[in-house]
Every structure is written in structure tokens, then in C-alpha cells.
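# Descriptive analysis of the structure
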Amino acid sequence: CEDVLASHYQRLNSQQQSYQFDPDAVGRRSLKNMCLRFLTSLEDVTYHEWAYEQFTEANNMTDEIEALGFLANNQGPYRQKALESFYEKWREEPLVVDKWLAIQATAKVSDVLSVVMALSKSPVFSLRNPNKVSALLVSFTRGNPMGFHDAEGKGYNFIADKVIELDSINPQSAARLVRAFCYWKKYDRKRRALMKIELQRILEVKNLSPNVFEIVSKTLK
């Protein structure tokens, strides 16, 4: 369906004029971006160019953020450039920066765990800010199974470390984050064992909050 998708995208993209918020305009943007989503999953730099062009010329957040997401999901030539550009443009808007963090946390790239770990140590992120925790860490656990369920358990270890660190700052946020381990029994034998190790490690922390203790202890039963 590549040719059909490309044709529809170009037609819908060429029809865009001034921003409008009505059912027809919303529908056209939705269909256009769905076409681009499929096209950018192909190993063809042409479609990455289309996404980057949409990103730079967008007159609305939907088209801009969707194009950024497509570029972030691929190790293409425009990925880093687009991410840096978006941050510089919106760095003074906390809620938009949260979207930027979530896009990177859910990106389907091989080094996503390294990216999330680096972001968790950057000035952009703070464990004391629940919105940032949700945007980066919770998004990673819920929206990136490839990264979180890394076969070697690196994702589990990283999130368990953050649960322990976060528990002394904001037990409610820590309790929300630790729920990522609640369904550990449903995974394959190797992952079950790795997740259980992290749950037991969390449970052994001194002065663990009642919030996290209750969830972890019940999960291990």
C-alpha cells in the first residue's frame, strides 16, 4: 500500500492552508498523519524528509508533534536535529516539554534505555516533579515494551532504582511507577525471574513507604 499511502499523504498535505478546528480538518490531519506514520516506518529517507518538512512547516501542534514522533521512532538523519529544534522552541513551556520527554521515552529505537537514562540525569528532568516522572519514566514503562522488557533486565533494574529513589521524595509517584511490575507473573520465565529480583530488592529497602510496600508485597504473593 506504499503508493496509495504516499498519494493520500501528498494530497491531504497539499490541501492544508490556515489552521482550522472543525471535524473535517481534524479528520484530514488524522488521516494524513496515519499515512505518514506507516510511510516513515519504511527504510526510505524520502519519507523522513516529508516528516521533517511537516515538522518544520507545521502551523499546529498536532502536525508538529506527530511528525516529531515519527522522526524519533527511527534512527534517521533528521531525528536528533528535530528533537533539539523542538526543545529549543518550546523549552519555556513545561507541558510541551513533557510531550518531548514522552516521545523519547516511547521511541522504538534500540538505544531507548540509554536515552531515557541520560534524560533522567539532565536538567530538564526532576524526580520532584510528578509531571516529569510521568512523562519520562511512566511513559517508558507503559509505552515502550521493547525498552522496559529488555531481555537482560536493564530496564527493570533502572526503573527499580528510580522507584527506590523516588519513594523518599514522593511515595505516591513511586507507587504509580512500581505498578509497572504488577503483572510480572504473565511474562516468560526469564523475565519473571528478573522482575522478581527487582521487586524483592525494593521490598528490602529500609523505611519503605506504606504506599510502595503494599503494592510490592501483594504483587509478590
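Residues numbered from 1 in each chain as written. Predicted model: local features only at pLDDT ≥ 70, side-chain atom pairs only at ≥ 80, totals over all residues. Heavy atoms only, no water.

## Remarks on the state of the cysteines
- Applying the stated criterion across every chain, the model contains zero disulfides.
- You can see C1 has no disulfide; the closest cysteine sulfur is in C35, sitting 10 Å from it.
- Since its relative accessible area comes to 81%, C1 is described here as exposed. (Disulfide = S-S within 2.5 Å. Buried < 20%, exposed > 50% of the residue type's maximum accessible area, 1.4 Å probe, protein only.)

## Digging into the environment of R176
- Note that R176 resides in helix 11 (residues 171-178).
- Among the residues examined, R176 registers a relative accessible area of 38% and is labelled partly exposed.
- Each C-alpha atom of the pair R176 and A151 lies 23 Å from the other, and the pair is 25 residues apart in sequence. (Helix = DSSP H or I, 4+ residues; strand = E, 2+ residues; numbered from the N terminus.)

## Observations concerning the environment of F70
- Looking at the element boundaries, F70 is found in helix 4 (residues 61-72).
- Owing to a relative accessible area of 3%, F70 belongs among the buried residues under this scheme.
- Residues F70 and D22, 48 residues apart in the sequence, show an inter-C-alpha distance of 24 Å.
- Leaving out residues up to four positions away in the same chain, F70 has contacts with N33, L36, R37 and T40. (Contact = heavy atoms within 4.5 Å.)

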